[in-house]
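# Structural description and commentary
One letter stands for each residue in the lines below.
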Amino acid sequence: MRFYHPILIALALFYLVYNSYALFREEIPIRSVSEVTERAAEIRGSYSAPELIDLGYLDVTLPPYSADNTGKEDVTRILQQAMFDARDSQVVCYLPAGDYLVSDTLEGIVGVVQWDEWHYGDANPFEAEASFEYPTLLMGDTRGVGRARLILADHADGFDDEDNPKPVLYFWARAMQSLPPKEDPNNSQSNINFNQKIISLDIVLGDNPGAAGVRHRGAEGSTVEDVSVDATHAFAGFYNAPGSGGSMHGLKVKGGKYGVFLDGTQPSPLLNDIELIDQREASIYGHHRGPLTLVGALIRGKGILGTTDSIFFEGMYNIIDSVIELDEPHTALVSHRAAVIRNTYIFNAKTVLKLKGEPGIEGAPGKWLHIENFASGTEFEYTEDAGGHEWQDTVWREKEEIGLIHEVNIVDRPGIGDLFESHKIPAYLSCKSPGVAIVTTSPYYAKGDGKADDYPAIQKAIDTSDLVFLPPGTYKISEPLRLRPDTQLFGISQLHSIITADNEASAYSDPNDPQPLIISADGKNYAPRLEMLRLRIPVKNPCVYAVKWQSGENSIVRNVYADRDFFHPFAAAMSIPMYLVTGNGGGRWYNHLFLGGWAQGPNFRNMLIKGTRNPLRFYHLQPQFARGNAMIEIQDSENIEIYSMKSEGDITLIKISDSRNIATYGLSGLILPMPGMALLDIQNSENILFANMSPMVFIIGHYVGHLVQYDPTRWHMLRDDDLKIPGNEQFTWYQN
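Thresholds applied
- Residues numbered from 1 in each chain as written.
- Predicted model: local features only at pLDDT ≥ 70, side-chain atom pairs only at ≥ 80, totals over all residues.
- Heavy atoms only, no water.
- Salt bridge = Lys/Arg side-chain N within 4 Å of Asp/Glu carboxyl O.
- Helix = DSSP H or I, 4+ residues; strand = E, 2+ residues; numbered from the N terminus.
- Buried < 20%, exposed > 50% of the residue type's maximum accessible area, 1.4 Å probe, protein only.
- Core = buried A, V, L, I, M, F, W, Y, C linked by side-chain atoms within 4.5 Å.
- Contact = heavy atoms within 4.5 Å.
- Patch = residues over 30% accessible without salt bridge, like charges linked within 9 Å, V, L, I, M, F, W, Y side chains within 5 Å.
- Areas by Shrake-Rupley, 256 points an atom, 1.4 Å probe, with all protein chains shown as cover.
- Lys, Arg positive; Asp, Glu negative; His and termini not counted.
- Charge placed at Lys NZ, Arg CZ, Asp CG, Glu CD.
- Pairing = 2+ DSSP bridges.

### Description of the pattern of salt bridges
Per the counting criterion, the structure on display carries 41 salt bridges. The salt bridge partner of E633 is R605, with a shortest N-O separation of 2.8 Å. Of this pair, E633 sits in strand β46 (residues 630-635) while R605 sits in strand β44 (residues 605-610), and the two are 28 residues apart along the sequence. You'll find E633 and R605 in the same group, each marked buried. E638 is the salt-bridge partner of R613, the closest N and O atoms lying 3.6 Å from each other. Pair noted here: R613 is in the loop between β44 and β45 (616-622) and E638 is in strand β47 (residues 638-646), with a separation of 25 residues, a long-range link.

### Things to note about the nonpolar core
Formed by 94 residues in total, the largest nonpolar core has its most connected members in L58, L150, L169 and F238. The greatest single-element share of this core, amounting to seven residues, is contributed by strand β23 (residues 339-355). Sequence-distant contacts of L58, that is, excluding residues within four places in its chain, are made with I43, Y47, I53, Y65, A82, D85, A86, V91, V92, C93 and Y94.

### What about unusual backbone geometry?
Negative phi characterises most residues that are not glycine, and trans characterises most peptide bonds. Cis geometry marks the peptide bond from P63 to P64; its omega dihedral reads 10°. Position of P64 relative to the elements: it lies in the loop between β2 (57-59) and β3 (70-74). Phi is positive for M532, close to 55°, though the residue is something other than glycine. Relative to the elements of secondary structure, M532 occurs in strand β39 (residues 529-537). One non-glycine residue, N661, lies in positive phi territory at about 60°. Along the chain, the position of N661 falls in strand β49 (residues 660-668).

### Observations concerning a negative patch on the surface
A grouping of E379, E381, E384, D385 and E390 is seen on the molecular surface, where their side chains present a negatively charged patch. Mapped onto the elements of the fold, D385 is located in the loop between β26 (379-381) and β27 (390-392). With a relative accessible area of 45%, D385 lands in the partly exposed category.

### Observations regarding the pairing of strand β4 (residues 92-95)
The two faces of a sheet get side chains in turn, since along a regular strand they alternate between them. Of the two faces of β4, the one holding V92 and Y94 and the one holding C93 and L95 are both buried throughout. Where β2 and β4 come together, three bridges link them in parallel fashion. Along β4, the bridge assignment pairs L58 with C93. Relative to strand β8 (residues 137-140), β4 runs parallel, the two being bridged by three bridges. Residue pairing in the sheet places Y94 in a bridge with M139 of β8.

Have a look at this one:
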């Protein structure tokens, strides 16, 4: 018989108890940056694969977490701790392919993280707390070799009541503490639910009638992408939605009472590239802030049920390039507010559309309809605080006000593959893919410390490899990075892989010849890609901007965030665009946001699009708080589509001149121009379409959301050469 000394047994038990205690920690609502930094050091020190966490990944299957991914053991507690630890370490919580059995809600929380020192007094929420920098990033395998599946145990506690839905993933933000009003930090504050992402996961809800897959009412930078939910015996796939600079792409839901259940969203939600199949009551239940934009949607089964009937800037619909195939002759869309439908096929509809107070479109049971164009508004009333008058959303064509656009034809069964293909999101890039050049490793050796000049290392990687990965760090460069026609440059997140300029470099020292951080190759068929990067402009240097983009319609820019350093009293005014799209510039741009509005001159633009002809698409675009003469300017350009916008500020949102074939679908937010300015300014341009542009007017004359609420009768919703539409005459459709 083998002998075990009692002391050794006691030590072993102590080790197990200690490690369990060290791993599982209670979430602390309010912490300082130094406290989170200290915790991150502990996490890194105990993680079994330091080389992996240096790349920005916390693999939950490795010690000390050792999560089972065979679906045999309940890993709820382990995954929850890994999500908290990855957030505090500013890395991705990574789930390799496999099955993860859970029995309770997993929370992704933006906690309250306060600066140890803060010298600027009251400030906007992006600066007043450091919480913006600590989101939860949850990601499965993106290489196409297998999927990570979260499997909810059947009859799990609390998931049985469809009147009180309970999600498997709940991403939220604690209420801010640095600015009034100070609420309990255990309360959710959706408008600061920043940068939290759920990417490339499958969720199986099992036999749980009150279960939902994802609840994520996120704001700036928050996304749900490439996520599928089997809700066959459950409540819904997705519960609420991001907006305000956040969006959803690549969603699939099988079954459920609802596919997407929206009883609250941030402004201007976007659902792009979605499949909703065999829901029991409605594919989408819609009660949402601002217009909901669907593009590239495939719906089979039940129609869409819109319920909003309260505030005049809520509840509109834009449906573009989609298919709705009803299982029985019902109504495809019920809406209490305005609706726009374009290039969409609908099958077996008894009624295509029911609008409050409007006739809508009669259907054709058993047949296919092609909705080439439809636009109709509804009656509403501005609140007394917003000027108080009754109004009918108007429809404009060729500068004439008309009542309705109704272009509908019966067609044979359509070939719909091409309809969706152009809206499909690409798979995320992975540093684990073959042939990836990791810039911090041999033979490149970038430092990423914000001090060394990393330009030679990164440019060498670009010159020798198509796939170039930047682990977390700050990469200072002395010259613009020049992308080759097929360069795919990507980081770990839009916050933590940072490229910035060397202020001492001669390339960034000439105010008459400002230079970007990144220049793409100029070619119509070129297909470079930028993904998960932060482009940081030194606040005291007026000679630097983010990107000069010259590559065509096959290029991709996704989750790239350009910003300037914190406010500085001696900052020189930036009088150049943050982004310049020119030459052969085009492509698909996903979830693009601009924040901050200090030290900007009259010629500053969040983005200037100049002289382009190649197709250029934006899937949720958020320009915000620019201090120039316009936020977005389009000059001498064609073939641009913007699917969903949210903005805040008091200047012109979009200025268009000498251009054609431009369409924008959906706007919300506190974007209220100063007296005399136009929200949408068109000069010498044709075939310009704006659909459901709906700024949020609350209380005239009051200070709301960082700006004064100007009287909408003193600014213009739209100015098109000599035509002017006042700010209180909201329209559903304007096409010149």
